[in-house]
Amino acid sequence: MHHYPAFLSLPPSGRGWYYNLFTLMPLKTLFLNPPSFENYDGGASSRWPATREIESYWYPVWLAYPAGMLAGSRLLDASPHHVSAQETIDLTRDYEFFVLFTSTPGFKGDCALAARMKETNPRLKICFVGPHVTTLTEQSLRDGPAIDFVVRREFDYATVEFANGKPLDEILGVSYLKDDRVHHNPDRPDVADLDALPDAVDVYKRDLDVRRYSVPFLLYPFLSFYTTRGCPAQCTFCLWPQLLSGHPWRKRSTDRVAAEMAKVKEYWPDLKEVFFDDDTFNIQKARTVELCSKLKPLKMIWSSTSRVTTDYETLRAQKEAGCRLLIVGYESGNAQILKNIKKGATVERARDFTRDTKKLGLVVHGDFIIGLPGETRETIEQTIKFAKELDVETIQVSLAHAYPGTELYDFAKKNGFIVNEQAMVDEGGHQLAQIEYPGLPREEALDAVHRFYDEYYFRPKAIFRIVRKAVFNTDERKRLYRDAKSFMKLRAQRLKYVATRRRESAAPPAVPAAGAAQSAGD
(Lines give C-alpha, C1' and ligand atoms only; values in the text may rest on other atoms or scores of the structure.)
Protein backbone atom coordinates (compact mmCIF):
# COMPACT_ATOMS: atom_id res chain seq x y z
CA MET A 1 0.00 0.00 0.00
CA HIS A 2 2.98 2.37 0.56
CA HIS A 3 4.53 4.15 -2.40
CA TYR A 4 8.32 4.46 -2.56
CA PRO A 5 9.19 6.47 -5.70
CA ALA A 6 12.36 7.99 -4.19
CA PHE A 7 13.53 4.56 -3.08
CA LEU A 8 13.05 3.03 -6.51
CA SER A 9 14.98 5.84 -8.20
CA LEU A 10 18.16 4.97 -6.27
CA PRO A 11 20.77 2.43 -7.37
CA PRO A 12 20.69 -0.80 -5.31
CA SER A 13 23.78 0.24 -3.34
CA GLY A 14 21.95 3.33 -2.02
CA ARG A 15 18.76 1.67 -0.92
CA GLY A 16 19.79 0.32 2.48
CA TRP A 17 18.84 3.29 4.69
CA TYR A 18 15.60 3.76 2.74
CA TYR A 19 14.72 0.14 3.46
CA ASN A 20 15.28 0.63 7.19
CA LEU A 21 13.25 3.84 7.17
CA PHE A 22 10.23 2.31 5.49
CA THR A 23 10.22 -0.92 7.46
CA LEU A 24 9.81 1.29 10.53
CA MET A 25 6.81 3.10 9.10
CA PRO A 26 3.56 2.08 10.81
CA LEU A 27 0.71 0.51 8.91
CA LYS A 28 -1.49 3.17 7.37
CA THR A 29 -4.37 3.12 9.85
CA LEU A 30 -7.99 4.26 9.83
CA PHE A 31 -9.72 4.67 13.20
CA LEU A 32 -13.49 4.56 12.65
CA ASN A 33 -16.61 5.43 14.57
CA PRO A 34 -18.82 3.68 11.98
CA PRO A 35 -21.84 4.83 9.99
CA SER A 36 -25.01 3.16 11.18
CA PHE A 37 -28.59 4.29 11.69
CA GLU A 38 -29.48 7.85 10.72
CA ASN A 39 -28.51 10.26 13.54
CA TYR A 40 -27.06 7.32 15.50
CA ASP A 41 -24.61 8.20 18.28
CA GLY A 42 -23.36 4.75 18.94
CA GLY A 43 -19.79 4.19 19.74
CA ALA A 44 -16.57 5.82 20.68
CA SER A 45 -17.80 8.10 23.43
CA SER A 46 -21.48 7.39 23.77
CA ARG A 47 -22.35 5.71 27.05
CA TRP A 48 -25.88 4.93 25.82
CA PRO A 49 -25.49 3.91 22.15
CA ALA A 50 -28.73 4.87 20.40
CA THR A 51 -30.45 7.28 18.08
CA ARG A 52 -31.42 10.18 20.31
CA GLU A 53 -34.76 11.88 20.79
CA ILE A 54 -32.93 14.94 19.45
CA GLU A 55 -29.97 14.60 17.10
CA SER A 56 -26.82 14.59 19.25
CA TYR A 57 -23.24 13.52 18.68
CA TRP A 58 -20.46 13.05 21.20
CA TYR A 59 -16.82 13.23 20.16
CA PRO A 60 -15.00 9.92 19.54
CA VAL A 61 -12.53 10.66 22.33
CA TRP A 62 -11.35 7.08 22.87
CA LEU A 63 -10.24 6.74 19.25
CA ALA A 64 -8.42 10.09 19.28
CA TYR A 65 -5.63 8.93 21.57
CA PRO A 66 -4.20 6.07 19.46
CA ALA A 67 -4.86 8.13 16.32
CA GLY A 68 -2.61 10.80 17.80
CA MET A 69 0.20 8.27 18.32
CA LEU A 70 0.35 6.96 14.75
CA ALA A 71 1.85 8.98 11.93
CA GLY A 72 -0.25 8.87 8.77
CA SER A 73 -3.40 7.69 10.57
CA ARG A 74 -6.87 9.18 10.27
CA LEU A 75 -9.81 9.36 12.65
CA LEU A 76 -13.16 9.21 10.85
CA ASP A 77 -16.38 9.85 12.76
CA ALA A 78 -18.80 8.82 10.04
CA SER A 79 -22.25 9.66 11.38
CA PRO A 80 -21.89 13.38 12.25
CA HIS A 81 -19.79 13.94 9.12
CA HIS A 82 -22.46 12.19 7.01
CA VAL A 83 -20.02 9.72 5.47
CA SER A 84 -22.03 6.79 4.10
CA ALA A 85 -21.22 3.10 4.45
CA GLN A 86 -20.20 2.88 0.80
CA GLU A 87 -17.95 5.94 1.09
CA THR A 88 -16.34 4.38 4.17
CA ILE A 89 -15.78 1.12 2.32
CA ASP A 90 -14.21 2.96 -0.60
CA LEU A 91 -11.87 4.77 1.79
CA THR A 92 -10.38 1.54 3.10
CA ARG A 93 -8.78 0.82 -0.26
CA ASP A 94 -6.08 3.26 0.84
CA TYR A 95 -5.43 1.72 4.27
CA GLU A 96 -3.63 -1.32 5.66
CA PHE A 97 -5.12 -1.41 9.17
CA PHE A 98 -8.60 -0.56 10.33
CA VAL A 99 -9.81 -0.07 13.94
CA LEU A 100 -13.58 0.09 14.52
CA PHE A 101 -15.24 1.04 17.81
CA THR A 102 -18.36 -1.10 17.95
CA SER A 103 -21.40 -1.20 20.24
CA THR A 104 -23.87 -3.90 21.19
CA PRO A 105 -26.79 -2.39 19.20
CA GLY A 106 -24.59 -1.71 16.18
CA PHE A 107 -22.41 -4.85 16.20
CA LYS A 108 -24.28 -6.81 13.54
CA GLY A 109 -24.19 -3.91 11.09
CA ASP A 110 -20.53 -3.25 11.91
CA CYS A 111 -19.67 -6.86 11.06
CA ALA A 112 -21.42 -6.52 7.70
CA LEU A 113 -19.48 -3.31 7.04
CA ALA A 114 -16.18 -5.00 7.92
CA ALA A 115 -16.96 -7.93 5.59
CA ARG A 116 -17.51 -5.57 2.66
CA MET A 117 -14.28 -3.76 3.50
CA LYS A 118 -12.40 -7.04 3.43
CA GLU A 119 -13.91 -7.87 0.05
CA THR A 120 -12.80 -4.49 -1.28
CA ASN A 121 -9.31 -4.74 0.24
CA PRO A 122 -8.40 -8.35 1.15
CA ARG A 123 -5.05 -7.25 2.64
CA LEU A 124 -6.78 -4.99 5.18
CA LYS A 125 -6.26 -6.01 8.83
CA ILE A 126 -9.38 -5.36 10.90
CA CYS A 127 -9.58 -4.81 14.66
CA PHE A 128 -12.76 -4.23 16.70
CA VAL A 129 -12.65 -2.44 20.05
CA GLY A 130 -15.20 -1.36 22.65
CA PRO A 131 -17.27 -2.80 25.51
CA HIS A 132 -19.15 -5.30 23.33
CA VAL A 133 -16.06 -7.21 22.19
CA THR A 134 -14.57 -6.95 25.67
CA THR A 135 -17.45 -8.94 27.12
CA LEU A 136 -18.55 -11.18 24.25
CA THR A 137 -15.04 -11.75 22.94
CA GLU A 138 -15.29 -15.27 21.53
CA GLN A 139 -18.82 -14.75 20.20
CA SER A 140 -17.70 -11.53 18.48
CA LEU A 141 -14.79 -13.23 16.73
CA ARG A 142 -16.97 -16.08 15.52
CA ASP A 143 -19.87 -13.83 14.48
CA GLY A 144 -17.52 -11.49 12.61
CA PRO A 145 -15.26 -13.59 10.36
CA ALA A 146 -13.78 -10.44 8.82
CA ILE A 147 -12.37 -9.42 12.24
CA ASP A 148 -8.67 -10.28 12.57
CA PHE A 149 -8.52 -9.52 16.28
CA VAL A 150 -10.20 -7.58 19.07
CA VAL A 151 -8.71 -5.59 21.94
CA ARG A 152 -10.31 -5.98 25.33
CA ARG A 153 -10.87 -2.86 27.49
CA GLU A 154 -8.45 0.05 26.88
CA PHE A 155 -6.96 -0.27 23.43
CA ASP A 156 -4.65 2.74 23.01
CA TYR A 157 -1.30 0.97 23.07
CA ALA A 158 -2.41 -2.41 21.69
CA THR A 159 -3.59 -0.93 18.39
CA VAL A 160 -0.50 1.25 18.10
CA GLU A 161 1.81 -1.71 18.77
CA PHE A 162 0.14 -3.77 16.05
CA ALA A 163 0.40 -0.91 13.56
CA ASN A 164 4.09 -0.62 14.41
CA GLY A 165 4.71 -4.26 13.60
CA LYS A 166 4.61 -6.06 16.95
CA PRO A 167 3.53 -9.73 16.53
CA LEU A 168 -0.10 -10.27 17.48
CA ASP A 169 0.66 -13.03 19.99
CA GLU A 170 2.91 -10.64 21.95
CA ILE A 171 0.37 -7.80 22.37
CA LEU A 172 -1.34 -7.61 25.78
CA GLY A 173 -5.13 -7.40 25.87
CA VAL A 174 -5.66 -8.95 22.42
CA SER A 175 -7.88 -11.89 21.44
CA TYR A 176 -7.91 -13.57 18.03
CA LEU A 177 -9.10 -16.70 16.26
CA LYS A 178 -6.51 -19.18 14.97
CA ASP A 179 -7.13 -22.74 13.78
CA ASP A 180 -10.74 -22.36 14.97
CA ARG A 181 -9.56 -21.68 18.52
CA VAL A 182 -9.80 -18.34 20.29
CA HIS A 183 -6.51 -17.18 21.78
CA HIS A 184 -6.62 -14.68 24.64
CA ASN A 185 -3.38 -12.86 25.35
CA PRO A 186 -2.87 -11.78 28.98
CA ASP A 187 -4.77 -8.68 30.10
CA ARG A 188 -3.15 -5.30 29.68
CA PRO A 189 -2.90 -3.17 32.84
CA ASP A 190 -4.90 0.05 32.87
CA VAL A 191 -3.09 3.02 31.37
CA ALA A 192 -1.48 4.58 34.41
CA ASP A 193 0.23 7.64 32.93
CA LEU A 194 -2.46 9.62 31.14
CA ASP A 195 -0.01 12.46 30.52
CA ALA A 196 1.90 10.14 28.18
CA LEU A 197 -1.10 10.10 25.82
CA PRO A 198 -1.39 12.78 23.13
CA ASP A 199 -3.87 15.66 23.33
CA ALA A 200 -7.20 14.66 21.79
CA VAL A 201 -7.75 18.18 20.47
CA ASP A 202 -4.74 17.89 18.15
CA VAL A 203 -6.47 14.98 16.41
CA TYR A 204 -9.78 16.86 16.35
CA LYS A 205 -8.04 19.77 14.66
CA ARG A 206 -6.52 17.43 12.09
CA ASP A 207 -9.48 15.16 11.31
CA LEU A 208 -12.83 16.47 12.60
CA ASP A 209 -15.16 19.39 11.94
CA VAL A 210 -16.27 20.75 15.32
CA ARG A 211 -19.37 22.30 13.77
CA ARG A 212 -20.71 18.79 13.11
CA TYR A 213 -21.19 18.16 16.82
CA SER A 214 -24.22 19.35 18.72
CA VAL A 215 -25.79 18.36 22.02
CA PRO A 216 -29.00 20.21 22.96
CA PHE A 217 -27.95 21.30 26.44
CA LEU A 218 -24.39 22.37 25.50
CA LEU A 219 -23.49 25.64 23.79
CA TYR A 220 -22.81 25.35 20.06
CA PRO A 221 -20.20 24.75 18.84
CA PHE A 222 -18.57 22.74 21.61
CA LEU A 223 -15.95 20.04 21.96
CA SER A 224 -15.21 17.47 24.64
CA PHE A 225 -12.31 15.45 25.97
CA TYR A 226 -11.28 13.62 29.16
CA THR A 227 -9.20 14.79 32.10
CA THR A 228 -9.46 11.45 33.95
CA ARG A 229 -10.27 7.82 33.30
CA GLY A 230 -12.12 5.33 35.45
CA CYS A 231 -14.82 5.64 38.07
CA PRO A 232 -14.69 4.22 41.60
CA ALA A 233 -18.50 4.29 41.84
CA GLN A 234 -20.19 0.90 41.59
CA CYS A 235 -23.40 1.72 39.67
CA THR A 236 -24.64 -1.63 38.38
CA PHE A 237 -25.99 -0.35 35.06
CA CYS A 238 -23.05 1.79 33.94
CA LEU A 239 -21.29 0.44 30.88
CA TRP A 240 -18.06 2.42 30.89
CA PRO A 241 -16.34 1.61 34.23
CA GLN A 242 -17.38 -2.03 34.12
CA LEU A 243 -16.29 -2.72 30.54
CA LEU A 244 -13.85 -0.10 29.28
CA SER A 245 -12.29 2.54 31.51
CA GLY A 246 -12.36 0.48 34.71
CA HIS A 247 -13.00 1.45 38.32
CA PRO A 248 -9.46 2.64 39.21
CA TRP A 249 -9.53 6.43 38.96
CA ARG A 250 -6.57 7.90 37.05
CA LYS A 251 -5.98 11.57 36.35
CA ARG A 252 -4.07 13.76 33.96
CA SER A 253 -1.96 16.44 35.57
CA THR A 254 -3.75 19.74 35.99
CA ASP A 255 -0.97 21.45 34.01
CA ARG A 256 -1.60 19.18 31.01
CA VAL A 257 -5.34 19.79 31.12
CA ALA A 258 -4.87 23.55 31.31
CA ALA A 259 -2.38 23.42 28.41
CA GLU A 260 -4.86 21.47 26.28
CA MET A 261 -7.54 24.04 27.09
CA ALA A 262 -5.19 26.79 25.94
CA LYS A 263 -4.80 24.91 22.65
CA VAL A 264 -8.58 24.85 22.27
CA LYS A 265 -8.67 28.61 22.67
CA GLU A 266 -5.97 28.96 20.00
CA TYR A 267 -7.40 26.42 17.52
CA TRP A 268 -11.06 27.50 17.69
CA PRO A 269 -11.42 31.14 18.84
CA ASP A 270 -15.19 31.05 18.19
CA LEU A 271 -15.85 27.86 20.17
CA LYS A 272 -18.55 28.43 22.79
CA GLU A 273 -17.86 25.65 25.30
CA VAL A 274 -15.64 22.73 26.33
CA PHE A 275 -17.16 19.71 28.03
CA PHE A 276 -15.10 17.48 30.31
CA ASP A 277 -16.67 14.11 29.55
CA ASP A 278 -15.05 12.19 32.41
CA ASP A 279 -16.97 9.44 34.17
CA THR A 280 -16.57 11.43 37.40
CA PHE A 281 -14.83 14.73 36.76
CA ASN A 282 -15.05 16.25 40.24
CA ILE A 283 -14.92 13.17 42.45
CA GLN A 284 -11.69 14.31 44.19
CA LYS A 285 -12.09 17.74 45.76
CA ALA A 286 -8.39 18.70 46.02
CA ARG A 287 -7.67 17.87 42.39
CA THR A 288 -10.79 19.68 41.16
CA VAL A 289 -9.96 22.85 43.10
CA GLU A 290 -6.35 22.74 41.84
CA LEU A 291 -7.48 22.32 38.23
CA CYS A 292 -9.99 25.16 38.58
CA SER A 293 -7.23 27.50 39.78
CA LYS A 294 -5.40 26.84 36.48
CA LEU A 295 -8.49 27.12 34.28
CA LYS A 296 -9.66 30.40 35.79
CA PRO A 297 -7.03 32.61 34.07
CA LEU A 298 -8.06 31.21 30.65
CA LYS A 299 -11.51 32.79 31.04
CA MET A 300 -13.19 29.98 29.08
CA ILE A 301 -16.68 28.54 29.42
CA TRP A 302 -16.73 24.86 30.25
CA SER A 303 -19.01 22.17 31.67
CA SER A 304 -18.52 18.76 33.22
CA THR A 305 -20.05 15.65 34.68
CA SER A 306 -20.79 15.63 38.41
CA ARG A 307 -22.07 13.38 41.16
CA VAL A 308 -24.62 14.67 43.64
CA THR A 309 -22.12 13.97 46.43
CA THR A 310 -20.00 16.96 45.31
CA ASP A 311 -19.85 19.59 48.09
CA TYR A 312 -20.59 23.31 47.89
CA GLU A 313 -16.95 24.45 48.02
CA THR A 314 -16.00 22.30 45.04
CA LEU A 315 -18.98 23.52 43.05
CA ARG A 316 -18.07 27.12 43.91
CA ALA A 317 -14.51 26.58 42.67
CA GLN A 318 -15.89 25.24 39.40
CA LYS A 319 -18.27 28.16 38.97
CA GLU A 320 -15.54 30.72 39.63
CA ALA A 321 -13.29 29.02 37.06
CA GLY A 322 -15.83 29.29 34.24
CA CYS A 323 -18.01 26.20 34.71
CA ARG A 324 -21.50 26.74 33.28
CA LEU A 325 -23.29 23.37 33.40
CA LEU A 326 -23.15 19.98 35.10
CA ILE A 327 -24.48 16.68 33.78
CA VAL A 328 -25.80 14.83 36.80
CA GLY A 329 -27.03 11.25 37.05
CA TYR A 330 -29.99 11.39 39.42
CA GLU A 331 -31.37 8.13 37.95
CA SER A 332 -34.36 7.68 40.29
CA GLY A 333 -36.36 9.42 42.98
CA ASN A 334 -36.84 6.19 44.91
CA ALA A 335 -34.43 5.47 47.77
CA GLN A 336 -34.58 1.69 47.42
CA ILE A 337 -33.85 1.76 43.69
CA LEU A 338 -30.77 3.91 44.37
CA LYS A 339 -29.62 1.24 46.81
CA ASN A 340 -30.42 -1.54 44.35
CA ILE A 341 -28.15 0.00 41.70
CA LYS A 342 -25.36 0.85 44.22
CA LYS A 343 -25.56 4.52 43.34
CA GLY A 344 -23.78 5.62 46.49
CA ALA A 345 -26.08 8.63 46.83
CA THR A 346 -29.41 9.45 48.44
CA VAL A 347 -32.49 11.38 47.41
CA GLU A 348 -31.84 13.84 50.24
CA ARG A 349 -28.28 14.48 49.07
CA ALA A 350 -29.56 15.02 45.51
CA ARG A 351 -31.92 17.71 46.81
CA ASP A 352 -29.13 19.47 48.72
CA PHE A 353 -26.78 19.31 45.73
CA THR A 354 -29.40 20.79 43.41
CA ARG A 355 -30.10 23.56 45.89
CA ASP A 356 -26.35 24.35 45.95
CA THR A 357 -26.11 24.52 42.16
CA LYS A 358 -29.02 26.96 41.97
CA LYS A 359 -27.50 29.13 44.67
CA LEU A 360 -24.25 29.29 42.66
CA GLY A 361 -25.97 29.80 39.31
CA LEU A 362 -24.76 26.48 37.83
CA VAL A 363 -27.05 24.99 35.19
CA VAL A 364 -27.90 21.28 35.60
CA HIS A 365 -28.82 18.70 32.99
CA GLY A 366 -30.36 15.80 34.90
CA ASP A 367 -30.30 12.18 33.74
CA PHE A 368 -33.03 9.76 34.80
CA ILE A 369 -33.58 6.08 34.01
CA ILE A 370 -36.83 4.14 33.79
CA GLY A 371 -36.71 0.39 34.40
CA LEU A 372 -33.98 -0.09 36.99
CA PRO A 373 -34.27 -2.99 39.47
CA GLY A 374 -37.23 -2.44 41.78
CA GLU A 375 -39.14 -0.27 39.31
CA THR A 376 -42.92 -0.27 39.60
CA ARG A 377 -45.71 2.00 38.46
CA GLU A 378 -45.47 3.72 41.83
CA THR A 379 -41.72 4.32 41.69
CA ILE A 380 -42.02 5.76 38.18
CA GLU A 381 -44.52 8.32 39.47
CA GLN A 382 -42.23 9.01 42.41
CA THR A 383 -39.30 9.73 40.08
CA ILE A 384 -41.34 12.01 37.81
CA LYS A 385 -42.53 13.94 40.88
CA PHE A 386 -38.95 14.11 42.18
CA ALA A 387 -37.65 15.47 38.87
CA LYS A 388 -40.29 18.20 38.81
CA GLU A 389 -39.41 19.08 42.39
CA LEU A 390 -35.71 19.45 41.48
CA ASP A 391 -36.71 21.54 38.45
CA VAL A 392 -33.31 21.46 36.72
CA GLU A 393 -32.79 23.20 33.38
CA THR A 394 -33.02 20.15 31.11
CA ILE A 395 -33.41 16.39 31.50
CA GLN A 396 -32.75 13.17 29.65
CA VAL A 397 -34.89 10.09 30.32
CA SER A 398 -33.52 6.72 29.24
CA LEU A 399 -34.77 3.18 29.39
CA ALA A 400 -32.64 0.87 31.49
CA HIS A 401 -30.59 -1.28 29.15
CA ALA A 402 -28.75 -4.32 30.45
CA TYR A 403 -25.51 -4.35 28.48
CA PRO A 404 -23.70 -7.71 28.51
CA GLY A 405 -20.93 -7.69 31.09
CA THR A 406 -22.63 -5.29 33.50
CA GLU A 407 -23.93 -6.26 36.92
CA LEU A 408 -27.40 -5.16 35.80
CA TYR A 409 -27.26 -7.64 32.92
CA ASP A 410 -26.29 -10.51 35.24
CA PHE A 411 -29.11 -9.61 37.63
CA ALA A 412 -31.76 -9.29 34.92
CA LYS A 413 -30.61 -12.45 33.12
CA LYS A 414 -30.56 -14.52 36.30
CA ASN A 415 -34.09 -13.44 37.22
CA GLY A 416 -35.58 -13.82 33.74
CA PHE A 417 -36.31 -10.11 33.33
CA ILE A 418 -34.68 -9.72 29.90
CA VAL A 419 -37.38 -10.24 27.30
CA ASN A 420 -35.92 -8.47 24.31
CA GLU A 421 -32.19 -9.24 24.39
CA GLN A 422 -31.70 -9.43 20.64
CA ALA A 423 -33.41 -6.11 19.90
CA MET A 424 -32.07 -3.32 22.09
CA VAL A 425 -32.99 -0.79 19.41
CA ASP A 426 -35.52 -0.61 16.59
CA GLU A 427 -34.75 -0.40 12.87
CA GLY A 428 -33.91 3.27 13.32
CA GLY A 429 -31.59 2.75 16.28
CA HIS A 430 -34.02 4.05 18.93
CA GLN A 431 -34.09 2.36 22.32
CA LEU A 432 -36.60 -0.44 22.82
CA ALA A 433 -37.73 -1.79 26.18
CA GLN A 434 -35.48 -4.74 26.96
CA ILE A 435 -36.30 -5.48 30.61
CA GLU A 436 -39.71 -6.41 31.98
CA TYR A 437 -40.55 -6.80 35.66
CA PRO A 438 -43.62 -8.52 37.13
CA GLY A 439 -46.45 -6.01 37.19
CA LEU A 440 -44.70 -3.59 34.84
CA PRO A 441 -45.11 -4.54 31.15
CA ARG A 442 -42.33 -3.24 28.93
CA GLU A 443 -44.72 -1.11 26.88
CA GLU A 444 -45.61 0.74 30.09
CA ALA A 445 -41.93 1.45 30.76
CA LEU A 446 -41.52 2.84 27.26
CA ASP A 447 -44.73 4.83 27.56
CA ALA A 448 -43.45 6.26 30.85
CA VAL A 449 -40.42 7.76 29.05
CA HIS A 450 -42.45 10.07 26.81
CA ARG A 451 -44.95 10.75 29.62
CA PHE A 452 -42.02 11.76 31.83
CA TYR A 453 -40.87 14.25 29.17
CA ASP A 454 -44.42 15.56 28.69
CA GLU A 455 -45.07 16.12 32.37
CA TYR A 456 -41.69 17.75 32.88
CA TYR A 457 -41.56 20.10 29.92
CA PHE A 458 -45.24 21.03 29.63
CA ARG A 459 -45.13 22.93 32.92
CA PRO A 460 -45.22 26.74 33.12
CA LYS A 461 -41.70 26.93 34.61
CA ALA A 462 -40.16 24.75 31.91
CA ILE A 463 -42.08 26.44 29.09
CA PHE A 464 -40.96 29.85 30.33
CA ARG A 465 -37.28 28.75 30.22
CA ILE A 466 -37.65 27.54 26.64
CA VAL A 467 -39.49 30.66 25.47
CA ARG A 468 -36.89 32.87 27.16
CA LYS A 469 -34.11 31.14 25.22
CA ALA A 470 -35.97 31.45 21.95
CA VAL A 471 -36.72 35.15 22.43
CA PHE A 472 -33.25 36.31 23.39
CA ASN A 473 -31.03 34.06 21.26
CA THR A 474 -31.57 33.69 17.50
CA ASP A 475 -29.21 30.72 17.11
CA GLU A 476 -30.83 28.99 20.06
CA ARG A 477 -34.27 29.65 18.58
CA LYS A 478 -33.33 27.82 15.39
CA ARG A 479 -31.91 24.90 17.32
CA LEU A 480 -34.92 24.68 19.62
CA TYR A 481 -37.23 24.56 16.61
CA ARG A 482 -35.20 21.80 14.96
CA ASP A 483 -34.92 19.83 18.21
CA ALA A 484 -38.65 20.14 18.90
CA LYS A 485 -39.46 18.69 15.47
CA SER A 486 -37.12 15.74 16.03
CA PHE A 487 -38.49 15.09 19.49
CA MET A 488 -42.14 15.18 18.41
CA LYS A 489 -41.41 12.83 15.52
CA LEU A 490 -39.82 10.26 17.83
CA ARG A 491 -42.59 10.77 20.38
CA ALA A 492 -45.16 9.82 17.74
CA GLN A 493 -43.16 6.71 16.83
CA ARG A 494 -42.92 5.70 20.48
CA LEU A 495 -46.67 6.15 21.03
CA LYS A 496 -47.35 4.02 17.96
CA TYR A 497 -45.05 1.26 19.23
CA VAL A 498 -46.68 1.30 22.68
CA ALA A 499 -50.16 1.11 21.16
CA THR A 500 -49.12 -1.84 18.98
CA ARG A 501 -47.61 -3.70 21.93
CA ARG A 502 -50.74 -3.15 23.99
CA ARG A 503 -52.95 -4.48 21.21
CA GLU A 504 -50.74 -7.55 20.88
CA SER A 505 -50.82 -8.15 24.63
CA ALA A 506 -54.61 -7.78 24.78
CA ALA A 507 -55.31 -10.03 21.79
CA PRO A 508 -56.71 -13.47 22.71
CA PRO A 509 -54.47 -16.42 21.80
CA ALA A 510 -55.14 -17.88 18.38
CA VAL A 511 -57.07 -21.17 18.29
CA PRO A 512 -54.84 -23.78 16.61
CA ALA A 513 -56.17 -25.69 13.65
CA ALA A 514 -56.91 -29.36 14.05
CA GLY A 515 -53.71 -31.34 14.49
CA ALA A 516 -51.55 -28.27 14.86
CA ALA A 517 -50.85 -28.99 18.50
CA GLN A 518 -49.38 -32.41 17.81
CA SER A 519 -45.77 -32.77 18.90
CA ALA A 520 -43.02 -33.28 16.38
CA GLY A 521 -42.51 -36.82 17.60
CA ASP A 522 -46.13 -37.94 17.02
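So, here's what we can say about the structure.

The rules we used
Residues numbered from 1 in each chain as written. Predicted model: local features only at pLDDT ≥ 70, side-chain atom pairs only at ≥ 80, totals over all residues. Heavy atoms only, no water. Helix = DSSP H or I, 4+ residues; strand = E, 2+ residues; numbered from the N terminus. Buried < 20%, exposed > 50% of the residue type's maximum accessible area, 1.4 Å probe, protein only. Areas by Shrake-Rupley, 256 points an atom, 1.4 Å probe, with all protein chains shown as cover. Pairing = 2+ DSSP bridges. Axes fitted to C-alpha atoms, helices over the stretch in contact; angles between N-to-C directions. Contact = heavy atoms within 4.5 Å. Salt bridge = Lys/Arg side-chain N within 4 Å of Asp/Glu carboxyl O. Phe/Tyr/Trp six-rings, centres within 6.5 Å; stacked < 30°, edge-to-face > 60°. Lys NZ or Arg CZ within 6 Å of the ring centre and 35° of its normal.

All right, on to the overall build of the protein then. Of the regular secondary structure elements, the protein holds 20 helices and 17 strands. Across the 522 residues of the protein, 54% fall into the buried class. In the form shown here, the protein has an accessible surface area of approximately 23,100 Å², with 55% of it arising from carbon and sulfur atoms.

With that settled, the discussion passes to the sheet that holds strand S7 (residues 149-151). As summarised here, the arrangement of the seven strands in space is S4-S1-S5-S6-S7-S8-S9, forming an open sheet in which the pairing is mixed. In the strand order of this sheet, the two ends are held by strand S4 (74-77) and strand S9 (181-184), each with one partner. Direction aside, neighbouring strands of the sheet carry axes that sit 20° apart on average. Inspection of the sheet shows S7 paired to strand S8 (residues 174-178) by two bridges, in the antiparallel sense. Paired with Val151 across the bridge in S8 is Val174. Packing of helix H5 (residues 107-120) onto the sheet brings it into contact with strand S1 (29-33), strand S5 (97-101) and strand S6 (125-129), and relative to S6 it is tilted by some 170°. Packed on one face of the sheet, helix H8 (residues 156-163) meets S1, S5, S6, S7 and S8 and runs near 165° to S5.

Once that is clear, we can look at the pattern of salt bridges. All chains considered together, the criterion is met by 34 salt bridges. Between Asp90 and Arg93 there is a salt bridge; the shortest N-O distance is 3.8 Å. What makes Asp90 partly exposed here is its relative accessible area of 32%. Judged by its relative accessible area of 47%, Arg93 falls in the partly exposed class. The salt bridge partner of Arg465 is Glu393, with a shortest N-O separation of 3.8 Å. In this pair, Arg465 is assigned in helix H19 (residues 460-472) and Glu393 in the loop between helix H16 (377-390) and strand S17 (394-399), connecting sequence segments 72 residues apart. Among the charged side chains, a salt-bridge network with shared partners connects Asp199, Asp202, Arg252, Arg256, Glu260 and Lys263.

Quick look at the packing of aromatic side chains now. Counted according to the given criterion, the structure contains 26 aromatic pairs. When the ring of Tyr59 is compared with that of Tyr204, the centres are 4.8 Å apart and the planes differ by 35°; the resulting orientation is tilted. Here the residue Tyr59 occupies a position in the loop between strand S3 (50-51) and helix H3 (61-67), and Tyr204 occupies one in helix H9 (residues 200-207), the gap between them amounting to 145 residues. According to the relative accessible area criterion, Tyr204 is buried, its value standing at 0%. An aromatic cluster is built from Trp58, Tyr59, Tyr204, Tyr213, Phe217, Phe222 and Phe275, whose rings are joined through pairwise contacts. The cationic tip of Lys28 hangs over the ring face of Tyr95; the distance from NZ or CZ to the ring centre is 5.2 Å.

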